[in-house]
Amino acid sequence: MNTAEYPIEPDKIFCFMRIFGSPQVRRKYLLIPAMPTPNGRLHLGHMGGPFLKMDILARLYRRNGHQAEVMSASDVYESYTLMKSFRTHLPVKTVCNDFHELIVKDLSAMMVECSHYFNPLEETFRTTVDDTYRDTLEKITAAGAVVKRTEKVLYSPSADKYIVGTWLKGKCPHCHSDAGSYLCEACGMQFNPEDVLEPAAVTGETDLEEVTVDSFFLKITQPEALIAHIQKMGVPDINLEIVQRYLTHYNNEVRLTNPGKWGVKWQDDIWRGENYNVVFPYSGLLSLSRVCGGLYPGGQHPFSKDSDVITIASFGIDSTIPWFAGVLGSCLATDELKPFDYFLTNHFYRLEGSKFSTSRLHAIWAADIVNKTKASVDAVRYYLTKNNPEFEEKDFFVQDFISLNNHFLVERLNNQIEKCWHYLEPAEVQPISDSLLRALEAALETQSAYLEPPRQQLAESLTVFDSWVKRLTDKNIWKQQPYWALKSIALLAYPVMPKMSQALWTALSAAGAPSLEGFLAIEPVVKNASLPRFFEVLTYEDLLPCLPATLTQATTQSQTSSKILLDFMEPEVEAGIMEVREVNLINNDERIAPFKASRFEVYPGQQSPLDIHEVRECWFVSQGKGEVIYNGTEVVPVSSGDVLYFESNQSHQVTNTGEDQLIIFSVWWKE
Ligand SMILES: [Zn+2]
């Protein structure tokens with residue numbers, strides 16, 4: 001989608017309204033970035049998606065004199081937390097609590113400031129959250145908008161679980177892409193488990209029985225009203241198309257509950273007493289938003305019918321159905337809840353050409369790039385804003401980031417700031433010149449127009465800042481009005497680069513956070529220290545501590561590429577436990593060896609899965625130490641340099657007992 005489809009109305013750009021000093025209506029906002037699943041940390045893909053966007057908007061509103069609160073929560077009942085629990089052998093609550101804490105750290109490192117980011121499992125929230133989940137469903141039921149449907153799902157007696165949600169894989173019934181759970185990331189459609197083509201259990205259970213369960217669905221009785229509301233929100237056509245396609249295909253019904261035990265119980269399962277029917281996690285998004293609303297200061301609930309709080313949610317395009325059909329549809333059905341005013345969506349963010357992936361560890365974690373490298377949080381935020389997947393898929397390219405940092409932020413911006421600071425004579429500061437003030441007002445107007453919904457254009461908004469920095473290279477400004485040059489940079493940079501902005505603002509003795517209200521006052525500046533350098537020159541090596549192996553290993557391989565060096569296939573990763581890379585022994589469509597081989601790594605303290613097979617196998621321990629259990633009885637300590645042999649059909653498993661990765665090469669063959 002082209003940004004040209006979202007023109008800013010000319011009168012919004014060129015309206016030279018005097019924004020300083022004129023009384024403003026103080027508006028109230030509640031901004032909700034979609035609740036992330038606490039099955040991993042937050043990476044730059046999450047940040048470049050909903051989080052940074054909501055933080056930028058909140059800072060813009062607050063700077064402009066409005067009240068804006070960012071609130072969200074960890075979506076603990078999303079079934080992917082169960083998979084993480086299964087893989088790590090940790091209780092699901094431990095998984096949720098641990099990753100919740102890490103998510104909080106990632107948000108804070110990226111300076112995404114939430115008034116509340118809560119954990120629904122925490123004692124103070126648990127009852128409220130569970131009650132709200134039930135209350136939302138009760139409201140929809142009372143409105144006569146709930147229908148009960150029987151549906152067929154797969155059940156594994158050996159694992160005692162329904163193969164739905166995180167446990168289900170297969171192909172999307174709509175576009176035939178690989179898909180699982182209830183949603184297709186490729187086409188954005190939501191589906192029912194029974195529609196999935198070639199269904200199978202992700203964890204390999206084969207004793208699958210088809211059973212019949214009851215689930216509850218929201219019946220959207222007035223789809224035209226929903227569509228009209230969505231159109232009024234001014235969203236991109238693609239969202240509307242997905243919603244219309246879904247409603248037509250699924251007879252205007254949106255899932256409210258699903259079979260399973262982990263979640264807020266809705267009603268007893270008729271088929272098995274000990275398995276429950278729980279509130280569908282996507283349906284819980286509205287309830288979690290309502291809990292956020294309950295925390296809004298001032299006692300007014302943003303989702304009550306008469307509320308004047310403007311509510312905005314932000315999420316990835318793959319969540320179109322849950323938010324547009326589920327959340328909005330439920331609000332409209334009850335007539336008791338004020339629907340969201342705006343939705344802001346984003347496309348997928350990739351890391352150097354392939355999707356950010358928590359399970360493959362193909363990710364840069366938010367706190368790592370800020371805390372483990374010289375990169376400034378402002379530089380990361382600036383890059384993510386400039387390179388944002390707001391209208392189409394985008395990539396985080398490491399070299400691109402480095403180049404933007406070194407050329408614009410260090411050479412242009414930081415030098416300009418230092419020049420201004422150098423020429424600043426605190427005793428001689430005069431009121432801002434009329435022409436500079438006029439120009440600044442126009443810049444602020446344009447910036448706000450670019451950042452406010454529904455037609456938010458993050459990347460375009462930076463053109464305002466960039467041209468402002470360019471304007472300041474005029475020596476009539478930096479030599480004669482260095483104070484105003486610096487203060488205007490602080491003001492314009494605040495939404496995207498809060499750290500630098502706040503430091504400048506404070507260095508100029510201005511109180512609080514950068515704001516329109518505090519701009520024109522001239523405070524006595526104490527210029528006894530030099531300003532900190534806000535941006536450092538970066539090299540690729542500087543960033544290595546935060547880069548995943550998926551990037552750094554690819555780099556070394558391509559540098560030393562030779563015919564006699566064999567490639568590895570795509571790794572199979574069990575996050576935090578082990579990684580297996582099979583050696584590619586096919587050359588020109590021909591198998592070059594009578595055996596197969598792989599290299600696998602087991603993380604410290606972790607264990608490989610129990611393996612048993614007909615083929616014979618040898619292991620060559622290349623690094624680390626461990627304990628092999630052979631045939632269920634024999635325990636053999638091993639360390640680097642050891643070679644092991646396993647007979648046909650004898651089980652084997654290794655635990656890493658050392659402090660480093662245990663790396664083993666394996667070859668196997670048939671007699
Ligand atoms: Zn699909």
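Residues numbered from 1 in each chain as written. Predicted model: local features only at pLDDT ≥ 70, side-chain atom pairs only at ≥ 80, totals over all residues. Heavy atoms only, no water.

For the protein chain, the name recorded in an unreviewed UniProt entry is Methionine--tRNA ligase, with Chitinophaga flava as its organism. For the record of the protein chain, the UniProt heading Catalytic activity (unreviewed entry) holds the text "tRNA(Met) + L-methionine + ATP = L-methionyl-tRNA(Met) + AMP + diphosphate". Here is the UniProt Sequence similarities (unreviewed entry) comment for the protein chain, exactly as written: "Belongs to the class-I aminoacyl-tRNA synthetase family." (UniProt positions renumbered as here; feature names shortened; annotations may be inferred.)

*Asks:* What is the right way to look at the nonpolar core in this model?
*Replies:* Inside soluble globular proteins, nonpolar side chains tend to come together where they are buried. The biggest cluster of nonpolar side chains holds 103 residues, and the ones touching the most others in it are I369, F396 and F465. When residues of this core are assigned to their parent elements, the largest contribution, eleven residues, is made by helix α12 (residues 398-423). Those residues in contact with F465 that lie beyond four places of it in its chain are Y382, F408, L413, I489, L492, A493, M497 and M500. Counting 80 residues, the second largest nonpolar core, distinct from the first, contains M71, F118, I140 and L328. (Core = buried A, V, L, I, M, F, W, Y, C linked by side-chain atoms within 4.5 Å. Buried < 20%, exposed > 50% of the residue type's maximum accessible area, 1.4 Å probe, protein only. Helix = DSSP H or I, 4+ residues; strand = E, 2+ residues; numbered from the N terminus. Contact = heavy atoms within 4.5 Å.)

*Asks:* What is the right way to look at the packing of aromatic side chains in this model?
*Replies:* The description of two aromatic rings rests on the distance between their centres and on the angle between their planes. Inspection of every chain in the model, using the stated rule, returns 29 aromatic pairs. Geometrically, the ring pair formed by Y29 and Y61 is stacked, given 3.5 Å between the ring centres and 5° between the ring planes. Residue Y29 is located in strand β1 (residues 28-33), and its partner Y61 is located in helix α2 (residues 44-63); the two are separated by 32 residues in the primary sequence. In terms of burial, Y29 and Y61 fall into one category: buried. On the numbers, 5.8 Å between centres and 90° between planes, the contact of Y77 with Y133 is edge-to-face. Taken together, the positions of Y77 in the loop between β2 (67-73) and α3 (80-88) and Y133 in helix α5 (residues 123-142) put the pair 56 residues apart, joining distant regions of the chain. Exposure remark for Y77: the relative accessible area of 2% places this residue in the buried category. You can call Y133 buried: its relative accessible area is 1%. Connected via pairs of aromatic rings, a cluster forms that spans F303, F315, W323, F324, F340 and F343. Across from the ring centre of F86, 5.0 Å away, lies the NZ or CZ of K161, which sits over that ring. The side chain of K487 reaches across the aromatic face of F519, ending 5.9 Å from its centre. (Phe/Tyr/Trp six-rings, centres within 6.5 Å; stacked < 30°, edge-to-face > 60°. Lys NZ or Arg CZ within 6 Å of the ring centre and 35° of its normal.)

*Asks:* Would you take a moment to explain a negative patch on the surface for this structure?
*Replies:* Where like charges cluster on the molecular surface, the negative patch consists of D98, E101, E122 and E123. Structurally, the position occupied by E122 is in the loop between β3 (116-118) and α5. Looking at E122, the relative accessible area reads 37%, which means it is partly exposed. (Patch = residues over 30% accessible without salt bridge, like charges linked within 9 Å, V, L, I, M, F, W, Y side chains within 5 Å. Areas by Shrake-Rupley, 256 points an atom, 1.4 Å probe, with all protein chains shown as cover. Salt bridge = Lys/Arg side-chain N within 4 Å of Asp/Glu carboxyl O. Lys, Arg positive; Asp, Glu negative; His and termini not counted. Charge placed at Lys NZ, Arg CZ, Asp CG, Glu CD.)

*Asks:* How should I be thinking about helix α17 (residues 498-507) in this particular structure?
*Replies:* Quick reminder: α-helices carry 3.6 residues per turn. Residues three or four places apart thus point the same way. Regarding α17, the residues found buried are P498, M500, S501, L504, W505 and A507. At its buried positions, α17 is contacted by α2, α11 (377-386), α12, α14 (458-471) and α16 (482-493). Trailing α17 by a residue or two, S509 shows a phi angle of about 65°, which is positive.

*Asks:* Where do I start with a nonpolar patch on the surface in this structure?
*Replies:* Residues F620, V643 and F665 make up a contiguous nonpolar surface patch of roughly 260 Å² in combined accessible area. Tracing the sequence through the fold places F620 in strand β24 (residues 616-623). A relative accessible area of 36% places F620 in the partly exposed class.

*Asks:* How should I be thinking about the coordination of the zinc ion in this particular structure?
*Replies:* For a metal bound by four donors in tetrahedral geometry, the ideal donor-metal-donor angle is 109.5 degrees, whereas six donors in octahedral geometry ideally sit at 90 or 180 degrees. For the zinc ion, the protein coordination sphere consists of C172 (SG), C175 (SG), C184 (SG) and C187 (SG), at 2.3 Å. Given four donor atoms and angles of 105 to 114° at the metal, the environment of the zinc ion is assigned as tetrahedral. On the primary sequence, the residues serving as donors to the zinc ion are separated as C-x2-C-x8-C-x2-C. Highlighted residues: C175 in the loop between β6 (168-171) and β7 (178-180) and C187 in the loop between β7 and β8 (197-201), separated in sequence by twelve residues. (Donors = N, O, S within 2.8 Å, 3.2 Å for Na, K, Ca; no water. Tetrahedral: all angles 85-135°; square planar, octahedral: opposite > 155°, others 65-115°.)

*Asks:* Any chance you could explain the sheet that holds strand β20 (residues 578-582) here in plain terms?
*Replies:* Across a sheet, paired strands are connected by hydrogen bonds in the backbone, their directions being either parallel or antiparallel. With antiparallel pairing, the six strands of this open sheet are ordered in space as β19-β20-β23-β29-β24-β27. Edge positions in the open sheet fall to β19 (572-574) and β27 (643-646), since each of these has one partner strand only. The sheet shows a mean angle of 20° between the axes of neighbouring strands, direction not considered. In terms of strand pairing, β20 meets strand β23 (residues 596-602) through five bridges, oriented antiparallel. In the strand pairing of β23, E582 is matched with S598. (Pairing = 2+ DSSP bridges. Axes fitted to C-alpha atoms, helices over the stretch in contact; angles between N-to-C directions.)

*Asks:* Which parts of the structure should I look at to understand the sheet that holds strand β17 (residues 354-355)?
*Replies:* On the basis of which strands lie adjacent, the open sheet formed by three strands has the order β17-β16-β18 and mixed pairing. Of all strands in the sheet, those bounded by a partner on one side alone are β17 and β18 (394-396). Bridging between strand β16 (residues 349-351) and β18 involves three bridges; their strand directions are parallel. Its bridge partner being in β18, R350 is matched across the sheet by D395.

*Asks:* Sorry if this is basic, but what is going on with the UniProt feature "domain: Methionyl/Leucyl tRNA synthetase" (unreviewed entry) in the protein chain here?
*Replies:* Residues annotated in UniProt with the feature "domain: Methionyl/Leucyl tRNA synthetase" (unreviewed entry) correspond here to residues 33-266 and 323-420. Within the segment residues 33-266, helix and strand shares are 39% and 24% respectively, and the terminal C-alpha atoms sit 26 Å apart. Helix makes up 52% of residues 323-420 and strand 13%, with an end-to-end C-alpha separation of 47 Å.

*Asks:* Can you walk me through the UniProt feature "domain: Cupin type-2" (unreviewed entry) in the protein chain in this structure?
*Replies:* Listed under "domain: Cupin type-2" (unreviewed entry) in the UniProt record, and renumbered for this structure, are residues 599-668. From the first C-alpha to the last, residues 599-668 spans 12 Å; its make-up is 0% helix and 57% strand.

*Asks:* Looking at this structure, I do not really get the packing of α2 against helix α13 (residues 434-451). What am I missing?
*Replies:* Between two packed helices, the angle of one axis relative to the other and the distance separating the axes together describe the packing. Viewed as axis vectors pointing N to C, α2 and α13 meet at an angle of 140°, and their least axial separation amounts to 11 Å. One way to sum up the angle between α2 and α13 is to call them oblique. Along this stretch, α2 crosses α13, giving a crossing that reads as left-handed. Here I56, L57, L60 and R63 of α2 come into contact with α13, specifically with L444, Q447, S448 and L451. Within the contact of α2 with α13, the residues separate by chemical class into five nonpolar, two polar and one charged. (Parallel < 35°, antiparallel > 145°, perpendicular 65-115°, else oblique. Left-handed = near helix turned anticlockwise from the far one by under 90°. Nonpolar A, V, L, I, M, F, W, Y, C, P; charged D, E, K, R; others polar.)

*Asks:* Hey, could you run me through the pattern of salt bridges in this one?
*Replies:* Any two side chains of opposite charge can pair, on the condition that their charged atoms come close. For the structure shown, the criterion picks out 31 salt bridges. Between K148 and D214 there is a salt bridge; the shortest N-O distance is 3.7 Å. With K148 in strand β4 (residues 146-156) and D214 in strand β9 (residues 209-219), the pair connects residues that are 66 residues apart, well separated along the chain. Under the relative-accessibility criterion, D214 is labelled buried at 12%. When the shortest N-O distance is used, the salt bridge between K171 and D178 registers 2.7 Å. Taking the relative accessible area as the measure of exposure, D178 reaches 61% and is therefore exposed. Ionic contacts of the salt-bridge type, sharing partners, join the residues D55, R59, R62, E113 and R381 into one network.

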